[in-house]
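Residues per chain are reported as follows:
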Amino acid sequence: MGSVSGRTSSSSFEKSSGRKTMTRRSHQEQPALLAYWVCFAILLTVICSVQSASKDPYSILGVQKRATLQEIRRAYKQLAKEWHPDKSKHPEAETRFVEIKQAYELLSDSDRRLAYDQFGITNEDAVLNRDRPDYSNYGRFQDPFEHFYGAHNFNFHDQDISLYHRLSITSKYYETNIVPKSRQTPQILMFYADWCFACMKAANSFKKLIDTLEPYGVVFATVNAGHEEQLVRKVGVHSLPCVIMVLDGHSYVYKESVFNAQHVVDFIRQKLPYKLLAPVTDDTLDAFLGGWADNRVRALILEPRAQPRLRYLITAFYFRDRVAFGFVQLNAKNTKHIQTTYKAHATLDTLLIFNEFPAHPIATITMSDIPTTTLNNIISLNQYLVLPRLSSQEMLESVCPAEWNRPRKRLCVVLVTENTSMHDGPRQLMRKIALESLFSRERVRFAYIYKEKQNDFIGALSKHEQAPETLLQLVIFWRRDTKHIRYEWVREVVLQMDKAAENETQDQYFNNTKQKIDGTIQRLLRSSEALSYETEVKDLLDEHAQSLMVRILNRVLLAVEYMTDNLGQEHILPAISVIGTIAFILIVGYLMSYLLRLEEEDIQLKQSKNVDSANGKSTNYVPELRLHELRAEKYNGLVRLLKPGCRTIVLLTDMQSRQKLIPAFHKAVWPYRKNKTLMFAHMLIEKGIGWYAELLRLSLSESREMKINPRNCIGTVIALNGHRKYFCMYHAKHPESNRGAKRMIKMTRHLSSMPSDPEAGAFLGMDSSDSETSMSDISEPKILLEENLLDGLPNWLDRLFEGTTHRYYINYWPDFTSK
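Residues numbered from 1 in each chain as written. Predicted model: local features only at pLDDT ≥ 70, side-chain atom pairs only at ≥ 80, totals over all residues. Heavy atoms only, no water.

### Focus: a nonpolar patch on the surface
On the surface, I587, Y590, L591, Y594, L595 and L598 cluster together into a nonpolar patch covering about 600 Å² of accessible area. Of the residues examined, L598 reaches a relative accessible area of 36% and is grouped as partly exposed. (Patch = residues over 30% accessible without salt bridge, like charges linked within 9 Å, V, L, I, M, F, W, Y side chains within 5 Å. Areas by Shrake-Rupley, 256 points an atom, 1.4 Å probe, with all protein chains shown as cover. Salt bridge = Lys/Arg side-chain N within 4 Å of Asp/Glu carboxyl O. Buried < 20%, exposed > 50% of the residue type's maximum accessible area, 1.4 Å probe, protein only.)

### Looking at the environment of H544
Tracing the chain through its elements places H544 in the loop between β14 (533-536) and α21 (548-566). Residue classification places H544 among the partly exposed residues on the basis of a relative accessible area of 40%. For the pair formed by H544 and D294, sequence separation is 250 residues and the distance between their alpha carbons is 9.0 Å. Among residues more than four places away in sequence, those in contact with H544 are D294, N295, R389 and S391. Here S391 takes part through its side chain, which lies 2.8 Å from a polar atom of the side chain of H544. (Helix = DSSP H or I, 4+ residues; strand = E, 2+ residues; numbered from the N terminus. Contact = heavy atoms within 4.5 Å. Polar contact = N/O pair within 3.5 Å; in protein donor to acceptor, adjacent residues only side chain to side chain.)

### Considering the side chain of R410
If you trace the backbone, R410 turns up in the loop between α17 (393-399) and β10 (411-417). A residue is classified by how much of its surface remains accessible, and R410, at 10% relative accessible area, is buried. Apart from the residues lying within four places of it in its own chain, the contact partners of R410 are V399, P401, E403, R441, E442, R443, F477 and W478.

### What about the packing of aromatic side chains?
Taken as a whole, this structure holds 19 aromatic pairs when the rule is applied. Taking 6.2 Å as the distance between ring centres and 45 degrees as the angle between the ring planes, the aromatic pair formed by Y58 and Y116 counts as tilted. Within this pair, whereas Y58 is found in helix α2 (residues 57-61), its partner Y116 is found in helix α5 (residues 110-119), the two being separated by 58 residues in sequence. Overall, the relative accessible area of 2% leaves Y58 in the buried class. Ring geometry for Y635 and F816: centres 5.7 Å apart, planes at 35 degrees, overall tilted. Of the two residues, Y635 sits in helix α23 (residues 635-640) while F816 sits in the segment after β20 (808-809), which places them 181 residues apart along the sequence. (Phe/Tyr/Trp six-rings, centres within 6.5 Å; stacked < 30°, edge-to-face > 60°.)

### Describing the sheet that holds strand β4 (residues 250-253)
If you trace the 4 strands from one edge of the open sheet to the other, you get β2-β1-β3-β4, paired in mixed fashion. Because the sheet does not close on itself, it has two edges, and the strands there are β2 (219-224) and β4. Recorded for the sheet is a direction-independent mean angle of 25 degrees between the axes of neighbouring strands. Of the pairings in the sheet, the one linking strand β3 (residues 242-247) to β4 comprises 4 bridges and is antiparallel in character. Opposite M245, over in β4, you have Y252 as the bridge partner. Contacting β1 (187-192) and β2, helix α10 (residues 203-213) runs over the sheet at an angle of about 155 degrees to β2. (Pairing = 2+ DSSP bridges. Axes fitted to C-alpha atoms, helices over the stretch in contact; angles between N-to-C directions.)

### Examining the sheet that holds strand β16 (residues 647-653)
Taking strand neighbours across the sheet as the criterion, the 6 strands line up as β15-β17-β16-β18-β19-β20 in an open arrangement whose pairing is mixed. Of all the strands in the sheet, just β15 (627-629) and β20 have a single pairing partner and so form its edges. Relative to strand β19 (residues 726-730), strand β18 (residues 717-721) is paired through 5 bridges, and the arrangement is antiparallel. Across the sheet, residue N721 finds its bridge partner in β19, namely Y726. Relative to the sheet, helix α24 (residues 658-669) contacts β15, β16, β17 (678-684) and β18, its axis offset from that of β16 by approximately 155 degrees. Together, β15, β16, β17, β18, β19 and β20 form the strand contacts of helix α25 (residues 685-700), whose direction differs from that of β17 by roughly 115 degrees.

### Some points on the side chain of R443
Following the sequence through the fold, R443 ends up in the loop between α18 (424-435) and β11 (444-450). A polar contact of 3.2 Å, which involves the side chain of R443, links it to the backbone oxygen of K409. Leave out the neighbours within four places in its chain, and R443 touches R408, K409, R410, L411 and L525.

Now the structure itself:
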């Protein structure tokens, strides 16, 4: 027992001693390992510090890590001006400028700045690396409305709406500043409310938008919708937050659901005037550069892309009244000559500015990305021609500003001409004098003016002169204020080559003229020398103002150009369908209104004729009802060729009774004149007795020849249905007219079988003679006169159209044989 316990205790001792040995070794190795890691960390820190010292964006811009965005922007602008390659002659200016720009782009983006501060990431693409664990939101407040507004975290550190309050404006400021400035630069307004969570979430995006577009010249402001309700209704805010762009006095609502910089850039690009930068190719270059007669400088922007940058569009919009911009796409087939002529770099942006002498540009700049400030500075210095025209009051204010508060005078030397090609020579001579002038533009400016368009202005400058002639004369004036001008005419100089002496060449004449003008200018620039006269002038007439019709036509042409360039084949057919539908509706509406107007005029004409006839005035009245005469040549059209459903109503008369029966017949059928299925005619029984007899024979199915007394047939009315081959008959003594409808055959046979009544069947003209007629007149108790033969016709016509009259069918229509 003891030995066992002894071995057990010894083994346990060995184990315990082994553990102690291992523990001592681990304690001995731990300081060495710790020292190794400390050295590695120090070395890594030194390397990172060296790299950060060489490329630290804060040190490049010279700002602290806690610097605000405004301080970073201010430092960037100052360093960019100092190290710009066009202004600095330092050999490393371009490299330094690129570093400054990259540092500003990194620190102006809040996401990239945060990634750099936490992880030292300077690459923009590395910010999107999702493999790296993100601890940036650790300890921050979680958005309780995340499931309503999206998966972005809501925190009060990034969503700072104090920017809204700093940029907030009022309605009065909108009217006095935003709207006028929008005619030169786009104005972006953010409408918000104090307790609007969506507005708070959009604050960070709005900051990024300002950082992106403000360097391009876009102006930003905010409006508190709760305080400016009238402005909210005026611009058409639909919900909060809402972005409004004010451009050229018009407000446009940004309606996209996604609020980021790229979508807003596309929105601004879409709303800018179409073709601010006219496309220029090798074929259109000369026409573009030679169009300076519109009083505008020409500027070419050459880019290695199909679409110009937004900054160039905004710059073109700002200077559109002074400079005409053209866009040249580099590396295209139709612009190779331009690229070769001006030696444009294939991968860089180039700006070329031209005046009246388009052979060589007056200013050139080439960079990978021309800043907006550089663009504005270069264009501002070259935005006027060598000899501009005083075509508006705005041009006068720009070329010859009023300087009452300056100790030194600024003189304007103006040539008075007319808008004719005959004065091109004097203007070219004046342009050459202005080009070679040694006077500073701050002291002397040269220009010309059209006398016929600015007659009031020229008249005010010549009322003190004894010689009224002002054409092709020079006037030098100084604008003391906006209304008063001190001036003096240079009468010893006349810019006409034909006025030169015979022994003078053109160069001698030019030199002498320039010498006289320079001498006069030097004399008037002296502070002790005053101009001779003073007058009060009105504002210049705006020669570029367009009429309403011209503005509408320009809008239509621009719309057509836009649709031509942007509509694809899938849009053309719907557009044509819509246009065709609208045109069809307009044409139909016009035709209906035209027909209605004709009918109204017709009714008014009838009423006036009726009034004239009532007053006893004779008028040439043309009846609406037309009566045809049934003859052989019209028989087919009136009877045989009638369309289904059509009938012809024929009155039988003779030469003696037609004067009395036709007016009565006309009166009876007048109510049916507008029925297009009816035709009305009359027939002389003497001419159609053979046809009438054959018609009665066919209806009675008689084989014997019918003997008819024409005298007894007058006053008979026959309704002929040519298609169905039947007719209806009216006569004053017809039994159907007196007692109702009975079958014609039975009545005829019954009446003809009664020899005691000699007048029986007289309405058919059968078995009677003149003697029998006279006997009938004597024996008939009632005498029927010719004017009473058609008294029962209206009632018969009613029954005819009701379908209650008897129909006499025949197999065929007999031929009409005239006698």
